[in-house]
Amino acid sequence: MQKPNLQQAKKRSNKKVPVINDFVIDDKLLALGLHKKYFIKTYGCQMNEHDSEKIAAMLEKMQFQVASNMEEADVIILNSCSIRENAHNKVFGMIGQLKQLKEKKEDLILVLCGCMPQEEIVVNKILTKYEWLDIVFGTHNIINFPNLLAKCIDERKPQIEVFSKEGEIYESLPVKREYPHKAWVNIMFGCDKFCAYCIVPYTRGKQRSRTRQYILKEIKKLIAGGCWEVTLLGQNVNAYGKDLSENYYFADLLNDIGKLDIARVRFMTNHPWDLNDDIIKAMQQNDNIMPHIHLPLQSGSDRILQKMNRNYTKDEYIKLYFKLKEAIPNICISTDIIVGFPGEEAKDFSETLAVVNKCQFDYAFTFIFSKREGTPAAAMADKTLREEKEARLQKLNKYISAYTLNSNMQFKNTTVRVLVDGFSAKNKAVLTGYSENMKRVNFYGDEQLIGQIVPVKITEVKTWSLFGEIVSTKKG
Ligand code: SAH
Ligand code: SF4
Ligand code: F3S
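Analysis parameters
Residues numbered from 1 in each chain as written. Chains lettered and ligands numbered in written order. Predicted model: local features only at pLDDT ≥ 70, side-chain atom pairs only at ≥ 80, totals over all residues. Heavy atoms only, no water. Salt bridge = Lys/Arg side-chain N within 4 Å of Asp/Glu carboxyl O. Helix = DSSP H or I, 4+ residues; strand = E, 2+ residues; numbered from the N terminus. Near = heavy atom within 4 Å. Nonpolar A, V, L, I, M, F, W, Y, C, P; charged D, E, K, R; others polar. Buried < 20%, exposed > 50% of the residue type's maximum accessible area, 1.4 Å probe, protein only. Contact = heavy atoms within 4.5 Å. Domains from an automatic or database assignment. Buried area = accessible area lost by both parts, 1.4 Å probe. Polar contact = N/O pair within 3.5 Å; in protein donor to acceptor, adjacent residues only side chain to side chain. Pairing = 2+ DSSP bridges. Axes fitted to C-alpha atoms, helices over the stretch in contact; angles between N-to-C directions.

1. Overview of the pattern of salt bridges
The full count for this structure, using the stated rule, is 28 salt bridges. Of the charged contacts in the structure, one is a salt bridge between Lys 325 and Asp 362, with a shortest N-O distance of 3.4 Å. Remark: Asp 362 occurs in the loop between helix H12 (346–359) and strand E16 (363–368) and Lys 325 occurs in helix H11 (residues 314–327); sequence separation between them is 37 residues. A salt bridge links Glu 390 to Arg 386; the shortest N-O distance between them is 3.1 Å. One end of the pair, Glu 390, and the other, Arg 386, are both in helix H13 (residues 386–409), four residues apart, so they sit about a helical turn from each other. Connected through salt bridges with shared partners, the residues Glu 171, Arg 177, Arg 210 and Glu 218 form a single ionic network.

Written out as structure tokens, the structure is:
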């Protein structure tokens, strides 16, 4: 058993992280999943979604097949998120529910992975309260999963293995992509920003950028396979390259990817800290870089921003915001905002509202501060009552949804280009996809449009989606 250690996870060194390019699953394990099925439930961010695609591919290499529900599965994997208390609660709730399934099906293997196992408190809780879990591994040792699975089946014993130090960068992991037409591409792992509230630098380790050769090779392969859109993933993509020995940064990468024959390039997410003019220029100069950026504000109060360790003032944020709007006039800018950070007073909150009113974001994700054990903010005095925080969130959300609707209104009666993902979950006759500006667009259409870029005229505007009619079915 190897348990996580937060003290160790906090450490940063300049030591180069080795790149390993020969990941293979042991021959002995290649039939492990014969006649067996797996089910993966993913919580959290795109990073986790993409990790699940890697885990799925490993399982399929061992001949496991995907199950359509948990009841039918022989292996159930919960890929978990630590970002807020409610993410934890959801996963613990699910582990609780799975106990019954495990009692009915003795050979069922329950796996917990992702960010939660990286936390000491989580692993301690599992050992005392959720002992029916079979395998627990973290974000740094996904590659050990096939071995842990084999060992668990072989020894019929739980396997807990969590490393608190980032491992190698694995370049040749298999991936089972959810869509053929769009793909996630990791450009970096980890985060060194240490925002005072955030657990990610502890669960994902230090920043490690992939080298351009591997990134470009992966994207070229995707293009050859018919992919139209890549989303470059990193906790703070603007800092890409700062840990590499060559002078090659995010703007350089954008320019190189922009030159490839791919219709759409997206990236997320962007800390304002490292967003420089070269990046803005690259967005301006490459038509296939989509006019959307997710630029978390977190707070509009300088006092709180400083306590959060965000390294910018509200004026700097506003300046950057309008610089982007000016440089790329059709850009949509979305954001994240936290209310109720320790010490946030009514005055600070009004300053956040003032920035929201000034910027009028195209959309935003809003959260109540959640105390994460081991982060600096967890030790800060927090006297504001929960009801007050809820009231702030509600008030903020009212503004945010008004501005979101407002932003959507600009598309009424215009034609937008939509990359069609598939049928809407709510209505099987309606196709759904995203516009260049990252607006969800629904419209009636045929199955053969899935995976294509099609022009859609917007006829109806709602807060969370646009509705339209297809203009023509010419390929994009
Ligand atoms: N790397 C990304 C953030 C990933 S987490 C970035 O910096 O943009 C996504 C969002 O969750 C953050 O932007 C923040 O708004 C929110 N968040 C993170 N930790 C939180 C916490 N402890 N409580 C409430 N919200 C939090
Ligand atoms: Fe968390 Fe800040 Fe890193 Fe984003 S930049 S992952 S909010 S520490
Ligand atoms: Fe959650 Fe880990 Fe992502 S904490 S938001 S799954 S990096």
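2. Thoughts on the site of ligand 2
Near ligand 2, the surroundings consist of Cys 191, Lys 193, Phe 194, Cys 195, Tyr 197, Cys 198, Val 200, Pro 201, Gln 235, His 271 and Arg 310. Taken together, the residues of the shell around ligand 2 sort by class into seven nonpolar, two polar and two charged.

3. Some remarks on the side chain of Ser 52
As for its placement among the helices and strands, Ser 52 is situated in helix H2 (residues 46–61). For Ser 52, a relative accessible area of 7% gives the class buried. Residue contacts for Ser 52: discarding those within four places in its chain leaves Ile 40, Thr 42 and Asn 79.

4. Quick look at the domain arrangement of the protein
With domains assigned, the protein is organised as domain 1 (6–161), domain 2 (169–409) and domain 3 (415–470). Centre-to-centre, using C-alpha coordinates, domain 2 lies 25 Å away from domain 3. Counting residues at the interface gives 22 residues for domain 2 and 20 residues for domain 3. Together, the buried faces of domain 2 and domain 3 total about 1,700 Å²; carbon and sulfur atoms form 57% of this surface. Of all residues in domain 2, His 181, Arg 264 and Asn 408 give up the largest surface area on contact with domain 3, accounting jointly for 34% of the area buried on that side. Asp 421 serves as the salt-bridge partner of Lys 182, at 3.0 Å between the closest nitrogen and oxygen. Here domain 2 is connected to domain 3 by 14 residue pairs in polar contact (both at pLDDT 80 or more). Mapped onto the side of domain 2 that touches domain 3, the elements with two or more residues apiece are strand E13 (264–268) and H13. Examining the composition of the side of domain 2 that touches domain 3, we find that six residues originate from one element, H13, more than from any other.

5. Some words on the site of ligand 3
In the vicinity of ligand 3, the contacting residues are Cys 45, Asn 48, Cys 81, Ser 82, Ile 83, Cys 115, Val 200, Arg 204 and Gln 235. Residues belonging to the shell around ligand 3 are distributed by class as follows: five nonpolar, three polar and one charged. A domain-level breakdown of the shell around ligand 3 finds at least three residues from each of domain 1 (6–161) and domain 2 (169–409).

6. Topic: the sheet that holds E13
On the basis of which strands lie adjacent, the open sheet formed by three strands has the order E9-E12-E13 and parallel pairing. Among the strands making up the open sheet, the edge pair consists of strand E9 (182–186) and E13. Taken pair by pair, the neighbouring strands of this sheet meet at an average axis angle of 25 degrees, ignoring direction. The strands that H2 touches are E9, strand E12 (229–233) and E13; relative to E9, the one it contacts most, it runs at about 100 degrees. The sheet contacts of helix H7 (residues 212–224) involve E9 and E12, and relative to E9 the element is tilted by about 170 degrees.

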